[in-house]
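Architecture at a glance
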Amino acid sequence: MRRIIVLVSVILVSVFGCKGLSTQKDIANVPVASASELVDTSDNLQLIDVRTPEEYEAGHLQGATNIDFFSDSFREEIEKLDKHKPVLVYCKSGGRSSKSAAIFKELGFTKIYNMEGGITSWSEAGYKTVK
């Protein structure tokens, strides 16, 4: 039942927007529980870890692609992704991913989710990471 409520909430936010969850149009800041639901239920979700390669190797979400926010090729790597598929972006605690989400929007991505609290909140909530 909890999963259904979270999924319906994510869908409603996606469709109608919510001032409390959106930093700008088409970017939704989602708590880790909602991010987990997105990961579990979205077949075409692009999961992007914007931490450094060293941080990524220490543990990341299953299926995540690492695109280092500090890399000179950051924008070029983002441009290789499908702009019409939803993106869930995360970092360590939310700062880099929030800035990254704005760049995704600037580059024309249509649905961007920023995981609040980053992988730190993900791990604290008991969700698994892989190495």
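Residues numbered from 1 in each chain as written. Predicted model: local features only at pLDDT ≥ 70, side-chain atom pairs only at ≥ 80, totals over all residues. Heavy atoms only, no water.

1. Observations concerning the environment of D26
Under the convention used in this document: For the purposes of this entry, the term helix denotes a DSSP run of H or I that reaches at least four residues, the term strand denotes a run of E that reaches at least two, and both are numbered from the N terminus. Two residues qualify as a contact provided that any one of their heavy atoms is within 4.5 Å of a heavy atom in the partner residue. Whenever two N or O atoms come within 3.5 Å, that pair is a polar contact, provided that in protein one can donate a hydrogen and the other can accept it, and provided that, for residues adjacent in sequence, both atoms are side-chain atoms.
Of note, D26 is situated in the loop between β1 (22–24) and β2 (27–30). The spatial distance from the C-alpha of D26 to the C-alpha of Y113 is 8.3 Å, given a sequence separation of 87 residues. Every residue in contact with D26, bar those within four places of it in the chain, is listed here: K105, T110, K111 and I112. Of the polar contacts made by the side chain of D26, one reaches the side chain of K105; its length is 2.8 Å.

2. Side note on the pattern of salt bridges
The line we're drawing: Any Lys or Arg side-chain nitrogen found within 4 Å of a carboxyl oxygen on Asp or Glu counts as a salt bridge. With a 1.4 Å probe rolled over the protein chains alone, any residue whose accessible area is under 20% of its type maximum counts as buried; one over 50% counts as exposed, and the rest are partly exposed.
The tally for this structure, following the rule as stated, stands at six salt bridges. E55 is paired through a salt bridge with R96; the nearest N and O atoms lie 2.8 Å apart. With E55 in helix α3 (residues 53–58) and R96 in helix α5 (residues 95–106), the pair connects residues that are 41 residues apart, well separated along the chain. With a shortest N-O distance of 3.1 Å, E77 and K80 are connected by a salt bridge. Classification of E77 by relative accessible area gives partly exposed; the value is 28%. For K80, a relative accessible area of 62% corresponds to the exposed category.

3. Observations concerning the confidence of the model for the chain
Where we set the bar: Per-residue confidence from the predictor is reported as pLDDT, which spans 0 to 100.
Looking at the chain as a whole, the pLDDT averages 88, with 81% of positions reaching at least 70. Of the regions scoring below 50 in pLDDT, residues 15–24 engages in 10 contacts with residues more than four places distant in sequence or in other chains.

4. Describing the nonpolar core
Side chains of nonpolar character tend, in soluble globular proteins, to be buried together. Selection criterion: Buried Ala, Val, Leu, Ile, Met, Phe, Trp, Tyr and Cys residues that are joined via side-chain atoms within 4.5 Å together make up what is termed a nonpolar core.
Of all hydrophobic cores here, the largest spans 17 residues; its most connected members are I48, V89, F104 and F109. For this core, the secondary structure elements donating two or more residues are α4 (74–79), β5 (87–90) and α5. For this core, the leading source of residues is α5, giving three residues. When sequence neighbours within four positions are dropped, the list of residues in contact with F109 reads Q46, I78, L81, D82, K83, V87 and F104.

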